[in-house]
Amino acid sequence: MSEGFSSFREFYPFYLGEHRNRTCRRLHFTGTSFAIGFIVLAIKSGNPWWLLAALGSGYAFAWIGHFFFEKNRPATFKHPLYSFAGDWVMYRDILIGRIPF
C-alpha cells in the first residue's frame, strides 16, 4: 500500500480497491444515507446532537463492512480526510450507477 498520496485523484483508486466487497459498499451506502438523514434532523430540530448520530452511523456501518466483510482496516485510520471525501464520492458514484450496488 502506498502511504503517500499527493492528491485525492491519486487516492480514490486506492480507496475503491479497499471497497471491492459488495456488502461493504452497501454498508457504507446505508451508513452515509443514515448520516444524511441525521444531518437533516439536526437542521430541522436545531438539535446538534443529531450530528453525533450522523458521525456515528456513518463510521459504524463502514467499519462493520471493513472488519467483517472486506477484512481490511478502514482507510480512515491512515488517510482520514481523503477517506471521508472518498466515502461521499463513492456514495455519489453508487447513486449514479457508476459503481455497482
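Because the structure is predicted, anything quoted here is derived from the model rather than measured. (Residues numbered from 1 in each chain as written. Predicted model: local features only at pLDDT ≥ 70, side-chain atom pairs only at ≥ 80, totals over all residues. Heavy atoms only, no water.)

### Description of helix H1 (residues 8-17)
Among the residues of H1, Phe11, Tyr12, Phe14, Tyr15 and Gly17 are the ones counted as buried. Those residues of H1 that are buried are in contact with helix H2 (22-45) and helix H4 (80-95). (Buried < 20%, exposed > 50% of the residue type's maximum accessible area, 1.4 Å probe, protein only. Helix = DSSP H or I, 4+ residues; strand = E, 2+ residues; numbered from the N terminus. Contact = heavy atoms within 4.5 Å.)

### Observations concerning the pattern of salt bridges
All chains considered together, the criterion is met by 2 salt bridges. Notably, a salt bridge pairs Arg98 with Asp93, separated by 3.3 Å at the nearest N-O pair. One continuous salt-bridge network, built from bridges that share partners, spans Arg92, Asp93 and Arg98. (Salt bridge = Lys/Arg side-chain N within 4 Å of Asp/Glu carboxyl O.)

### As for the packing of aromatic side chains
Counted under the stated rule, the structure contains 18 aromatic pairs. Taken together, a centroid distance of 5.7 Å and an interplanar angle of 55° make the contact between Phe11 and Phe14 tilted. Remark: Phe14 and Phe11 occur in helix H1; sequence separation between them is 3 residues, near one turn of the helix. With relative accessibility at 16%, the residue Phe14 sits in the buried group. Aromatic pair Trp88 and Tyr91: ring centres 6.2 Å apart, planes at 65°, arrangement edge-to-face. Taken together, the positions of Trp88 and Tyr91, both in helix H4 and 3 residues apart, correspond to about one turn of that helix. Each member of the aromatic cluster is reached from another via a ring pair, and the members are Phe5, Phe8, Phe11, Tyr12, Phe14, Tyr15 and Tyr82. Positioned above the aromatic ring of Phe101, the side-chain terminus of Arg26 is 5.3 Å from the ring centre. (Phe/Tyr/Trp six-rings, centres within 6.5 Å; stacked < 30°, edge-to-face > 60°. Lys NZ or Arg CZ within 6 Å of the ring centre and 35° of its normal.)

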